[in-house]
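Fold and geometry: a report
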Amino acid sequence: MIRINCPVCGLRDETEFTYGGDASVTRPPIDDTQLSSWMDFVFMRDNPRGEHREFWHHVQGCRQWLVLERNTANHAIGSCTLAAGRGT
Amino acid sequence: MKQPNRLEHGGRIDRDRAIEMQFDGQTLSAFEGDTLASAMLANGLKIVARGFKYHRPRGVFSAGVEEPNALVHLRSGARHEPNARATVVEAYDGLQSTGQNAWPGVRFDISAVNQLLAPFIGAGFYYKTFMGPVKGTAFWMFCEKFIRRAAGMGRAQTVADPDEYEKVNAFCDVLVIGGGPAGLAAAIAAGQCGARVILLEQDACLGGSMLSLPVGGESDACLKAMEATLKGMDNVRILKRTTVFGAYDQDVYGAVERVWDHVEVPPAHQPRQRYWQIRTKQAVMATGAIERPLVFANNDRPGVMLANAVRSYVNRYAVLPGKKIVLATNNDSAYAVAADLVRAGAEVSLLDARVSVPAELFKPLEALGVQLYPGYGILAAKGSRGVSGAKIVLLDENGCARGPSKTIRCDLIAVSGGWTPVVHLWSQRGQKLQFDEQSASFLPLKSASSTLKTAGSANACGDLNQALLQGEVAGQEAAKAVTGVVGVQVNVPRLKEAIYADDWARDLLMIWSVTREDGSTDGKAFVDVQHDVALSDIDLAHREGFVSVEHLKRYTTTGMATDQGKLSNINALARMAQLQALSIPKVGTTTFRPPYTPIAIGAIAGREQGIHFRPTRLTPVHDWHVDNAAVMIEAGAWKRPWYYPEGGETINQAYVREAAHVRKHVGVVDASTLGKIAVQGPDAAEFLNRVYVNAWKKLKIGRLRYGVMLRDDGIVLDDGATARLGENDYFMTTTTANAAKILGYLEHLLQTAWTDLKVHVTSVSDQYAAFAVAGPSARDLLDAVCSGADLSNEALPNNQFVKATIAGVPVRINRMSYSGELAYEVYVASGYAHAVWKNLFKAGASFDIKPYGTESMGALRIEKGHVAGPEIDGRTTLGDLGLAGFASRVKPFSGSVLRHREKLDMASRPTLVGLEIDGDTGGMAGSLIYDQRAQQMGEEQGFLTSTTYSPALKKYISLALLRDGHERFGESVDIVNHVGDTVQTAKVVSPHFFDPEGARQNA
Ligand SMILES: [Zn+2]
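Residues numbered from 1 in each chain as written. Chains lettered and ligands numbered in written order. Predicted model: local features only at pLDDT ≥ 70, side-chain atom pairs only at ≥ 80, totals over all residues. Heavy atoms only, no water.

**What to know about the overall build of chain B**
Helix and strand content of chain B: 24 helices and 49 strands. Within chain B, the proportion of its 1003 residues that are buried is 57%. When the accessible surface of chain B is split by element, carbon and sulfur atoms take 53% of a total near 40300 Å². Side-chain charges of chain B comprise 106 positive and 106 negative groups, with the mean position of each set lying 1 Å from the other. (Helix = DSSP H or I, 4+ residues; strand = E, 2+ residues; numbered from the N terminus. Buried < 20%, exposed > 50% of the residue type's maximum accessible area, 1.4 Å probe, protein only. Areas by Shrake-Rupley, 256 points an atom, 1.4 Å probe, with all protein chains shown as cover. Lys, Arg positive; Asp, Glu negative; His and termini not counted. Charge placed at Lys NZ, Arg CZ, Asp CG, Glu CD.)

So, in structure tokens, the structure goes:
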């Protein structure tokens, strides 16, 4: 089990959160009609060994989407920030 | 009762409290403070188990959790427990136990004939015999039954465990794992530094290795002083009988407390075991070490034991398991054992693989009359059902016999191959181990930043005073890391004088296996007695090319199951290293995984079982359904009315009647489980426009609209109606199953991508109940109960809503139809839902109102060709479901680009059709559809999704996805159910079976 330091709620167990995928990809603008941009966004992922940025949803807490730095090799947790705070 | 091996004096047992236990029908006399194993030894019981593969007789081998042999069935009936290690089972009066893995009993076991087959059951026997061409054949099926019964460990219980288990969450600054000398010192030091400490000890008593030292000695004085110090510290919580079985990320530890395992039946309302989930900031691993066996022919005979286990039995339990004892060692730690054994009255010969030993070690033993054999090892144990002698030889530097052997008569062989520090938790945390040449063991590769500190024997520290000091330092450092306060003076009790000869980390000679000159052995020489893995199996694996230690482990099964490398690890590695001419660290070690010792599933489940396995959601009208004899069905976490049987109706009779009733009169279904989301804010219309495929910007206040959502990859995600309540206020509904998923998805879009949109989404699923009122009399009924609204067709056509009151309660009435009848959805605040529902039924009596359940709701929607979960299955597109017309051609929406991928646009994709099934039986969802001209095998042309009997059409119908479906109306197809092995025929029709023009719902 990992523990996540939610910027709203504080340090909580992983069981309160759900994983929400890779936070390093950027959603294309809604009016982007390029097939390739959406293919990249939906399907193409790096699979890094080491530092990674992930979306986690505090579903049983403040319901905020968070961007968590997690090391895929050793599960070390880095910073945890509100996804909404990162702009578009 | 006579206990032939019980010493007259001493031990940490309570001789005033005599108890009796049973093992395989034999009465064991014992005292409180004994374990089942110490009682077995005290009563002279030699054979207590049978080997795993060859069913050779086995005796008690150790005095701790590492016990490989003395695994027993404990208790009987529903409290039966398999694979209990007799060495850690606390004795209590009336304890019932039986041998396992043997029939009819451990003393005479029919399967022992396997010994004669031993040459054929070597490493990889199962793989080679059954995983080749015969796998999956009748031969394997035939053999498996017998193999599974003859092999394996204990027999599991099949009835429910009557005892309770519970879970506890705990938090602390410093978790100290192990209540031996180092752990006690660490807990005292950390506590004195002001940290909140939890100390866990797997034994019923604190003290660890100190409990095996002579009673009343210097170590006892120190232990007493430490216990007294801890008693006065209210920031140190001590849990005994508690094993830390796993170390997890972010300093979370799993532990099981055996609260009432030491009695037959726990007291009322008390759990048998308690599962602790501990979150700490720092931890001290003071987990001790496990003595290693030596490998020689027949080293599994009853009467071969670990040297320091024998010492434990003598000093802690006052049991001397043998009178004439041969001790064999490759390190210093057997010398103190020899002295204690002589003092207890035994005649002792001590063999040391090392030729030269310091005088301060052997001189005191000479004085006690111990026969010393420097440079010697045991080549073989003599005796079959128990040790009768030891064949000893002079050893060369490889552990091979040098010169002729001679036999010493004895009734006990005690061995010490050094110690294996218990580093399982360290390894579980993914931290590195490093081979230490001096102690010949893998040790934690420490780093200052680690939140897990190590102390004592777990660090290969064999000297007691040194272990106390390490504990003190580790406790202090851990506390300092939490509190940030440095230089706090601590006061941890110490030994007044050093106890020599405990220093096992010194001068170990790396010889564990003794063989003849040619490397062979006189009989089976086991590296893993629990799994019957012999030296010859390791040798065979080597000859067959197994190089990796992980492969070797799996091929030979060395160190698997409960052993987890506790006893077998180094001996197997050393043999591999020898064969590969490598050093042990070059061979490497396997990864340890939780649990450290076996744990009961019951403890992990706790009270989360049966109905409490997950929360149950009830609608606000639940009690009415129950009172009115509804048969309920689980829909996700929800309980919903399935059908309301009348006068002994079956489900089929009930749903057909309910559906027909709705089409004729009026029915009400509880739709409160729908997902309900308030979508609010100035950009709400823009937001809906992006997530739904259809357009939302022109929806007026007071109107509602059906919408479909796609995933980003273009597959249909969900559908539902959304009403515009106010300027910036929309009320979205989702399907019951997807309610939570859709909310999370909308939040994701708003918080990660479209942060510029001023929209807020809030779940209001629990705040509102919803009832669908459907049938030709629906309007008349609502007219009769509602006030303040005009419900006429002109004032309230489809896709509009009005606000009204029912019995004074504000409600919102959506005009929309899922059943195809004239229908409304009544939304009401949950707290008033039951009252409103009752009012509907009160007023509905004159309209012949009936409730209907999910089964008839399904029948009605299938008749109308509406899609639901079975059609929106995560693989279907808008086109597949006949919903393409909803999609806007002008505005972009989520999924609008990827839905036009080539494969998703192919005309030949299966599309939604209706099937009219011939005959008197319904179709089975999932059945495959085949062209009648083709064979009924290979790739199907489609499949049935939702099936029902249609009271309106008076025939069995089904929705289906069928290739080129729209062009095949009128065609006959075959429906093949490969599971039930049935074939039916059906006619392909439009999915809109009933009232396709919608005249009824627009009435
Ligand atoms: Zn939170």
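Picking up after the structure, the text goes on.
**Focus: the coordination of the zinc ion**
Residue and element names in this part refer to chain A. The protein atoms that coordinate the zinc ion are Cys6 (SG), Cys9 (SG), His58 (ND1) and Cys62 (SG), at distances of 2.0 to 2.3 Å. Every donor counted, the 4 donor atoms about the zinc ion form angles of 104 to 118° at the centre, which fits tetrahedral coordination. Sequence spacing among the residues donating to the zinc ion works out to C-x2-C-x48-H-x3-C. Remark: cysteine 62 occurs in the loop between strand 4 (51–57) and strand 5 (65–71) and cysteine 9 occurs in the loop between strand 1 (3–6) and strand 2 (10–13); sequence separation between them is 53 residues. On the accessibility criterion, cysteine 62 (22% relative accessible area) is partly exposed. (Donors = N, O, S within 2.8 Å, 3.2 Å for Na, K, Ca; no water. Tetrahedral: all angles 85-135°; square planar, octahedral: opposite > 155°, others 65-115°.)

**Overview of the packing of aromatic side chains**
Pairs of aromatic rings are described using the distance from one ring centre to the other and the angle between the two planes. Residues and elements named next belong to chain B. Taken as a whole, this structure holds 20 aromatic pairs over all chains when the rule is applied. Between the aromatic rings of tryptophan 624 and phenylalanine 841, the centroid separation amounts to 4.6 Å while the plane-to-plane angle is 40°, which identifies the pairing as tilted. Of the two residues, tryptophan 624 is situated in helix 17 (residues 622–627) and phenylalanine 841 in helix 22 (residues 830–844); the sequence distance between them amounts to 217 residues. Here tryptophan 624 and phenylalanine 841 have matching classes, each one buried. Three or more aromatic residues joined by ring pairs form one cluster here, namely Trp624, Tyr644, Phe771, Trp837 and Phe841. Its guanidinium or amino end placed over the ring of phenylalanine 526, arginine 58 lies 5.0 Å from that ring's centre, counting from NZ or CZ. Across from the ring centre of tryptophan 696, 5.8 Å away, lies the NZ or CZ of arginine 705, which sits over that ring. (Phe/Tyr/Trp six-rings, centres within 6.5 Å; stacked < 30°, edge-to-face > 60°. Lys NZ or Arg CZ within 6 Å of the ring centre and 35° of its normal.)

**Considering the sheet that holds strand 4 of chain A**
Spatially, 3-4-5-6 (chain A) is the arrangement adopted by the 4 strands of the open sheet, whose pairing is antiparallel. Edge positions in the open sheet fall to strand 3 (18–22) and strand 6 (77–82) of chain A, since each of these has one partner strand only. Sheet twist, expressed as the mean angle between neighbouring strand axes with direction ignored, is 30°. Across 4 bridges, strand 5 of chain A lies against strand 6 of chain A in antiparallel orientation. Within strand 6 of chain A, the position partnered with valine 67 of chain A by the bridge is threonine 81 of chain A. Against the sheet, helix 20 (residues 739–753) of chain B contacts strand 3, strand 4 and strand 5 of chain A, and its axis sits at roughly 80° relative to strand 5 of chain A. (Pairing = 2+ DSSP bridges. Axes fitted to C-alpha atoms, helices over the stretch in contact; angles between N-to-C directions. Contact = heavy atoms within 4.5 Å.)

**Quick notes on the environment of tyrosine 555 of chain B**
Residue and element names in this part refer to chain B. Counting through the fold element by element, tyrosine 555 comes out in helix 13 (residues 549–556). As for tyrosine 555 and leucine 394, which are separated by 161 residues in sequence, their C-alpha atoms are 33 Å apart. Within the local environment of tyrosine 555, its side chain forms a polar contact with the side chain of glutamate 544, the two groups lying 2.4 Å apart. (Polar contact = N/O pair within 3.5 Å; in protein donor to acceptor, adjacent residues only side chain to side chain.)

**Section: the pairing of strand 12 (residues 252–257) of chain B**
Looking along a regular strand, one sees the side chains alternate between the two faces of the sheet. Residue and element names in this part refer to chain B. In terms of burial, strand 12 is largely enclosed, as 6 of its 6 residues are buried. Where burial is concerned, the two faces of strand 12 agree: the one with Val252, Gly254 and Val256 and the one with Tyr253, Ala255 and Glu257 are both buried. Alignment of strand 11 (residues 242–248) against strand 12, held across 6 bridges, turns out to be antiparallel. Across the sheet, the residue bridging to alanine 247 is tyrosine 253, located in strand 12.

**Details of the confidence of the model for chain B**
Residues and elements named next belong to chain B. On average, residues of chain B score 93 in pLDDT, and 94% of them are at 70 or above. Scored below 50 in pLDDT, residues 148–152 shows 9 contacts in the model against residues more than four places distant or in partner chains. Predicted as a complex, the structure gets a pTM of 0.89 and an ipTM equal to 0.97. (pLDDT = per-residue confidence, 0-100.)

**Quick look at the state of the cysteines**
Residues and elements named next belong to chain B. In this structure the tally under the stated criterion is 0 disulfides over all chains. We note that cysteine 205 lacks a disulfide partner, and the nearest cysteine sulfur, in cysteine 222, lies 16 Å from it. Residue cysteine 205 is classed as partly exposed on the basis of its relative accessible area, which comes to 34%. (Disulfide = S-S within 2.5 Å.)

**Here's the deal with the environment of phenylalanine 993 of chain B**
All names here are of chain B. Position of phenylalanine 993 among the secondary structure elements: in the segment after strand 49 (982–989). On the basis of relative accessible area, phenylalanine 993 is assigned to the buried category, the value being 12%. With 179 residues separating them in the primary sequence, phenylalanine 993 and asparagine 814 have C-alpha atoms 25 Å apart. When near neighbours in sequence (up to four residues on either side) are disregarded, phenylalanine 993 contacts Ile862, Glu863, Gly914, Leu915, Glu916, Leu953, Ile957, Ser958 and Leu959.

**Focus on the nonpolar core**
Residue and element names in this part refer to chain B. By size, the foremost hydrophobic cluster in this structure holds 110 residues, and its most contacted members are Leu36, Met40, Leu327, Leu341 and Ile413. When near neighbours in sequence (up to four residues on either side) are disregarded, leucine 327 contacts Ala307, Ala334, Val337, Ala338, Leu341, Val348, Ser349, Leu350, Leu351 and Ala414. By size, the runner-up hydrophobic cluster in this structure holds 35 residues, among which are Leu184, Ala195, Cys222 and Met226. (Core = buried A, V, L, I, M, F, W, Y, C linked by side-chain atoms within 4.5 Å.)

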